[in-house]
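Chain and residue survey
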Amino acid sequence: MKKKTYTIVWLLAAVMLLTFVHTIGYAEAVQSGYLTYEEPTTQSSQSSWVSTIAYLFSLLVVFLFVAGMAYFVSKLIGQKLGGVGLSKSSRVLESLPLGANKSLCIVEMAGKVMLIGVSDHNITLLKEITDEMEIVKLRAQAEELKGQSDFNHIFEKQLISLEELSRRIPAMLKKKDHK
């Protein structure tokens, strides 16, 4: 855990140093009149290329920093809040998303295993699973998934929902064009 903390601290220090260097360059540009309007004059192309590359590099570093911090924060939140409100005897064994805010879930509560339908407005008991072999199989699958990172499972679900959204957008645009 300390190694991760040191890595994050070093990453923050590097980003702060790059930001400081970029700020100094900006201050020098303001003092030299680079950012004030003057009639166009010939300017060396090498200076222009260097400043463009430096700007793009700093933009890339900031983007990578923000993406990395978003990853670590979402992983931390996923670990801390992943099992909030569930006791040891209550858990979701399996979940199947069916669409926007609709899913089928197999849950275990008070020693009973049930198939439920979940939507925005209600939760419906579809069936109670009583076959012992099926219950053992579902529990084993849930333990196997629990052994894997819960964050990776959540991240995978989000990617799948983004893929579904990207498929729906062109269809929605075609419908608007025909109207």
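Residues numbered from 1 in each chain as written. Predicted model: local features only at pLDDT ≥ 70, side-chain atom pairs only at ≥ 80, totals over all residues. Heavy atoms only, no water.

**A few points about the sheet that holds strand β1 (residues 91-99)**
- Pairing is antiparallel in the open sheet, where four strands are placed in the order β1-β2-β3-β4. Where the open sheet ends on each side, the last strands, each with one partner, are β1 and β4 (123-129). Averaged over neighbouring strand pairs, the angle between their axes works out to 20° when direction is ignored. (Pairing = 2+ DSSP bridges. Helix = DSSP H or I, 4+ residues; strand = E, 2+ residues; numbered from the N terminus. Axes fitted to C-alpha atoms, helices over the stretch in contact; angles between N-to-C directions.)

**Considering the environment of Cys105**
- In this fold, Cys105 is placed in strand β2 (residues 102-109).
- In this structure Cys105 comes out as buried when scored by relative accessible area, which is 11%.
- Between the C-alpha atoms of Cys105 and Leu115, which are 10 residues apart in sequence, the distance is 5.8 Å.
- Residues in contact with Cys105, not counting those within four places in the same chain, are Glu94, Ser95, Met114, Leu115, Ile116 and Val118. (Buried < 20%, exposed > 50% of the residue type's maximum accessible area, 1.4 Å probe, protein only. Contact = heavy atoms within 4.5 Å.)

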